[in-house]
Amino acid sequence: LLTLIFGCKKSESTSPPPTSGYTIKIGDTWWFHRWSKEDTIIKTDTTKQIVVKETTFNINNKTIPAYVIVDSPNTSSRTYLHVSDSIFAITPLTFNDTFIGWFIWRLIRANVSVGDTWTDVSDPIPFVGRMTIKSRVKAVNVNENVPAGSFIVTKVGQDFYTDIWGYLGYIEWNI
């Protein structure tokens with residue numbers, strides 16, 4: 001990929017490329033247990049997310065590799081993850097089935113500590129304005145037991161805001 005981006009010049013370096021510490025592969029599966037509250041009613045559901053293929057995006061004249069994640073069984077509902085020194089979510093935004101832009105935000109950075117924070121701000125999006133996500137590391141090296149086994153995770157909380165709608169809500173990820 002680097003050869004394609006930077007031309008067909010032969011690299012003189014023999015050292016391996018840096019790795020992120022994060023791995024994603026086709027076939028990876030996650031189960032999400034979601035809840036939301038509308039007035040006094042709490043709704044819960046479970047969704048299965050599956051990595052189905054690799055792809056690339058051309059965003060702001062940059063080629064970005066990503067993994068396609070589908071919400072099974074609704075395979076038309078897609079999310080994209082880009083893995084580098086961080087994990088980024090890439091979401092296509094549409095209005096009345098018309099593509100209006102990309103929304104990209106960092107789910108987690110490499111080598112975080114409890115209390116670390118970062119803020120991602122989008123370009124202006126029609127009908128939304130700028131989207132701002134404020135992230136904070138809540139815990140690191142936490143043992144999480146799920147049906148697939150026991151995993152060491154990092155907990156990250158994210159608050160979502162827009163210029164037009166204000167505060168949208170909070171999500172907590174165990175990554």
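Residues numbered from 1 in each chain as written. Predicted model: local features only at pLDDT ≥ 70, side-chain atom pairs only at ≥ 80, totals over all residues. Heavy atoms only, no water.

Peer 1: What am I meant to see in the overall build of the protein here?
Peer 2: Assigned secondary structure in the protein consists of one helix and 10 strands. Each helix and strand of the protein, placed in order from N terminus to C terminus, yields the pattern α-β-β-β-β-β-β-β-β-β-β. Per-residue burial over the protein gives 30% buried out of 175 residues. Counting contacts in the protein only where the partners sit at least 6 residues apart, residues at least 24 apart contribute 31% of the total. In the structure as shown, the protein presents an accessible area of about 12100 Å², 54% of it carried by carbon and sulfur atoms. (Helix = DSSP H or I, 4+ residues; strand = E, 2+ residues; numbered from the N terminus. Buried < 20%, exposed > 50% of the residue type's maximum accessible area, 1.4 Å probe, protein only. Contact = heavy atoms within 4.5 Å. Areas by Shrake-Rupley, 256 points an atom, 1.4 Å probe, with all protein chains shown as cover.)

Peer 1: Sorry if this is basic, but what is going on with the sheet that holds strand 8 (residues 131-146) here?
Peer 2: To summarise the sheet geometry, strands pair through backbone hydrogen bonds and adopt either a parallel or an antiparallel arrangement. One open sheet holds the four strands; their spatial order is 7-8-9-10, and the pairing between them is antiparallel. Strand pairing shows two members of the sheet lacking a second neighbour, strand 7 (117-121) and strand 10 (166-174), which therefore form its edges. Direction aside, the axes of adjacent strands within the sheet are offset by 25° on average. Across eight bridges, the pairing between strand 9 (residues 149-162) and strand 10 is antiparallel. Bridging across to strand 10, lysine 155 finds its partner in asparagine 174. (Pairing = 2+ DSSP bridges. Axes fitted to C-alpha atoms, helices over the stretch in contact; angles between N-to-C directions.)

Peer 1: Which parts of the structure should I look at to understand the pattern of salt bridges?
Peer 2: Overall, the coordinates contain three salt bridges when judged by the stated rule. When the shortest N-O distance is used, the salt bridge between aspartate 116 and arginine 109 registers 3.5 Å. Judged by its relative accessible area of 21%, aspartate 116 falls in the partly exposed class. Owing to a relative accessible area of 25%, arginine 109 belongs among the partly exposed residues under this scheme. Between lysine 155 and glutamate 144 there is a salt bridge, and its shortest N-O distance comes to 3.6 Å. (Salt bridge = Lys/Arg side-chain N within 4 Å of Asp/Glu carboxyl O.)

Peer 1: Before we go on, may I ask you to explain the nonpolar core in this structure?
Peer 2: Across soluble globular proteins, you tend to see nonpolar side chains buried next to one another. Core analysis: the largest hydrophobic core is formed by 21 residues, its most contacted members being Leu81, Phe103, Trp105, Leu107, Ile125 and Ile133. Going through the elements one at a time, strand 3 (62-72), strand 5 (86-95), strand 6 (98-109), strand 8 and strand 9 are the ones with two or more residues in this core. Here this core gets four residues from one element, more than from any other, and that element is strand 6. Among all residues touching isoleucine 133, those that are not within four sequence positions of it are Phe103, Trp105, Trp118, Thr119, Asp120, Gln158, Asp159 and Phe160. Listed in part, the nine residues of the second largest apolar core include Ile50, Ile59, Val68 and Val70. (Core = buried A, V, L, I, M, F, W, Y, C linked by side-chain atoms within 4.5 Å.)

Peer 1: Explanation requested: the confidence of the model for the protein in the structure shown.
Peer 2: Predicted coordinates in regions of low pLDDT should not be interpreted in detail. The predicted model of the protein has a mean per-residue pLDDT of 75, with 79% of residues at 70 or higher. Mean pLDDT values over the elements of the protein span from 33, in helix 1 (residues 2-6), up to 90, in strand 7. In this model residues 1-19 is a low-confidence stretch, pLDDT under 50, and it forms four contacts with partners more than four residues away in sequence or in other chains. (pLDDT = per-residue confidence, 0-100.)

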